[in-house]
Every structure is written in structure tokens, then in C-alpha cells.
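# Summary of the model geometry
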Amino acid sequence: MILAVAPLVDMHVHLREPGGEHKETILTGTAAAVAGGFGAVACMPNTDPVLDSPELIERVCRAKAHCAVYPIACISIGQFGRRLTNFGLLRRAGAVAVSDDGKTVEDEDLMRFALLSAADHGLAVISHCEPETEICERDITLAEETNSRLHIAHVSLRSTVEVIRSAKKRGVHVTAETCPHYLLGSAHGAVNPPLASEEDRAALCAALKDDTIDVIASDHAPHTAAEKEADPSLCGFIGLETSVGAVLTALYHTRLMSAADIFRKMRETPAAILGIPVPQGEIVVDTDVPWTPQKFVSMSSNCAFTGVMLRGRVAVCQPTLLPD
Ligand code: DOR
Ligand code: ZN
């Protein structure tokens, strides 16, 4: 089937600028985004320096890009987990959410203040949970206590799905995302959180279907081959160009979900969580074409699906860039 739909939103990518321009830049990362069907991305603040000041947020907003870029600011100064950044100033500078992604906010009191302050400023708090289920449970309790809104990043385990499902039943304002590499058993490589068991994979697919998990985001995390060789602890996958193919293979070709329901979790829902406009324009998706990722628009090639047969690909993406 050939589908013409509006461009997608990826609410969790690492564009590596500033400080990691040998892995990816805002310009090359957004070129990869467009190739993968995305008209808007939200980028994580674990750059060098980290995005903990209004000046750095403004710099990301002003950078030349091929699609809309919405920066996510740090929860804590330096991502050190000690003192909160100034959410009001960061929001005014253009931040759409706060996160210490890559690190867990260990201090429970700091996380409580983060949820309260973010609620005051209309920002989503995106939590990187390690250990996943334990911290997810802690943060849900805090969100419940403070009547605030929480988003759980890159869910990879069945036990975490169960915690989120029961919180939603109680009426807690929690949303969650998972990533394409957790949905296909053929994904390979090192990522944090790590690829888990077949049981976890099946639970994540079921959780997308029953809306326990709201969003699919790539966690596009480019690293060069040389760096990974020098430091094997560097993990993550590039994902912008393979997201649609992997997700269609895992959820559409298995008859678990319709294409419309899948794309809602890659467009309207993440846009609503971040409070950003849905991108305008058009993408053309060939839902059936088999292909094997090999070459990438991204500057890096650490892909979980290299050499893996996927079914479904974005043939054309023409996002409309709004004038600033
Ligand atoms: O695998 C990962 N890579 N997980 C993270 O949380 C951070 C990311 C990165 O920035 O490379
Ligand atoms: Zn991430």
C-alpha cells in the first residue's frame, strides 16, 4: 500500500550539537530525520556543554535545520543531579520539556521539585529510569503526590509496562514511549536500556496496542565506529531513518495495529505531550517494500537494523518549514 500522510514527530533524538559534531550535527541529524519521514524532532540536552542555560537553548533553536527542532533542557545544572535549572527562563528561550536523559535523577526530592516546577511552567518532565522499573515506580508516586505530569523515556521491560498500566488505571498523569529497537527481535547491538527478552518485546507491542505506551520515539543516538571501539561503554543506535520500517515490520505486518494507530503515536500524541504544533507537509510511505538498511544520511552508522530485512519505507518526505 502507498500511503500519503503528514510528516511525523520524533520526541527523543540526540543531535550531538554542541560538542559532538563528529558524530552528528543539527543539520545532518535533521537531514536524517527528513529522510525517515519526520517533520519535527525534540533533541535531548546531553550535549557538551549540556543544554542547561537559556543561551544554549536559543542556540539550538536558531541553528540551521532541515525540519523543526525543539530542544529539551536539562532538569539539573550540568546534569549533576544537585540543583534544578531555571525552568521559566529555559521555557522562554524555547525549551519544550526537561530531562536529564542519559542519567537518572537519583535525588527523590530534586525530582519532586522538578515535577512541581515543570507543572508551573507547562513543561513535560521526561524521566530516564535506571533501574528502569524501580525509578519509574518512584517517579509515578511523585507525580501522583504532586498531581503533576510525567513522561517515561525508552521503556524496555514488561515489568515497567505493568507499573505504568496500573498507574494509568489510577488516573496518574503519566505517558510513556518505547523505541523501534525494543519491538523487533532482530535488532542487535548495545543500547541503554539494553535489548531485553522476547517476553519483554511482546509486552511492549501489546502495551502500544492497548495505549499503555503512548509514543514511539527513536532515541537516535549517533556514535562513530572509532569511538565505540575506544570506549565500548558508548551505546545507542541511530534510528531516524529506520523507525518507520522497523515499526511497520513489528506492528503492522504482524497485524497488531493499523497504520493510522501507529502513526498517531509518532505524530499527534508526541506533539500533544510536548505542546508543539504537528508538522505540515506530506510524506509518502510504501508500507510493503522490503529493504535492508546499509547506508545512512546520518553521519554515524551505529544502527540496530544494519543487515536486517525491514518491510516498509518512507519514499518521500516534504515537511513544510514554518518561517521564524
Ligand atoms: O544508549 C543510549 N545512548 N542511552 C542513553 O540513555 C543515552 C544515549 C546517548 O546519548 O548515547
Ligand atoms: Zn536518549
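Below is a summary of the structure that appears in this document. Since we're looking at a predicted model, the values are computed, not measured.

Rules used in this analysis
Residues numbered from 1 in each chain as written. Chains lettered and ligands numbered in written order. Predicted model: local features only at pLDDT ≥ 70, side-chain atom pairs only at ≥ 80, totals over all residues. Heavy atoms only, no water. Core = buried A, V, L, I, M, F, W, Y, C linked by side-chain atoms within 4.5 Å. Buried < 20%, exposed > 50% of the residue type's maximum accessible area, 1.4 Å probe, protein only. Contact = heavy atoms within 4.5 Å. Helix = DSSP H or I, 4+ residues; strand = E, 2+ residues; numbered from the N terminus. Expected span 1.5 Å × (residues − 1). Pairing = 2+ DSSP bridges. Axes fitted to C-alpha atoms, helices over the stretch in contact; angles between N-to-C directions.

Leu251 and Phe263 are the most contacted members of the largest nonpolar core, which has 85 residues in total. Not counting chain neighbours up to four residues away, the residues in contact with phenylalanine 263 comprise Leu3, Val5, Leu8, Val244, Leu248, Glu268 and Val285.

Moving on: helix 7 (residues 198–209). Working note: α-helix, 3.6 residues per turn, so residues spaced by three or four point in the same direction. Here helix 7 contains 12 residues, and its C-alpha end-to-end distance of 17 Å stays within 8% of the 16 Å for a straight helix at 1.5 Å per residue. The set of residues buried in helix 7 consists of Asp200, Ala203, Leu204, Cys205, Ala207 and Leu208. Buried residues along helix 7 sit in contact with helix 6 (158–170), strand 8 (174–178), strand 9 (215–216) and helix 9 (243–252).

Before going further, it helps to examine the sheet that holds strand 5 (residues 97–99). Taken together, 8 strands build an open sheet; the order of strands is 2-3-4-5-6-7-8-9 and the sheet is parallel. The two strands at the open ends of the sheet, each matched to only one other strand, are strand 2 (8–13) and strand 9. Across 4 bridges, the pairing between strand 3 (residues 38–43) and strand 4 (residues 68–73) is parallel. Within strand 4, the position partnered with valine 41 by the bridge is valine 69. With respect to the sheet, helix 4 (residues 108–121) is in contact with strand 5, strand 6 (124–127) and strand 7 (150–152), its orientation differing from that of strand 6 by roughly 150°. Sheet strands in contact with helix 5 (residues 132–146) are strand 6, strand 7 and strand 8, and its direction is about 170° off that of strand 7.

Right, let's talk about unusual backbone geometry for a bit. Phi is mostly negative for residues that are not glycine, and the peptide bonds are mostly trans. Cis geometry is adopted by the peptide bond preceding proline 49, which originates at aspartate 48 and carries an omega value of 5°. Tracing the sequence through the fold places proline 49 in the loop between strand 3 and helix 2 (54–62). Across the junction of glutamate 130 and proline 131, the peptide omega takes the value -5°, indicating a cis bond. Topologically, proline 131 is positioned in the loop between strand 6 and helix 5. With a phi close to 65°, arginine 255 is a non-glycine residue in the positive phi region. Position of arginine 255 relative to the elements: it lies in the loop between helix 9 and helix 10 (259–264). What makes arginine 255 exposed here is its relative accessible area of 78%.

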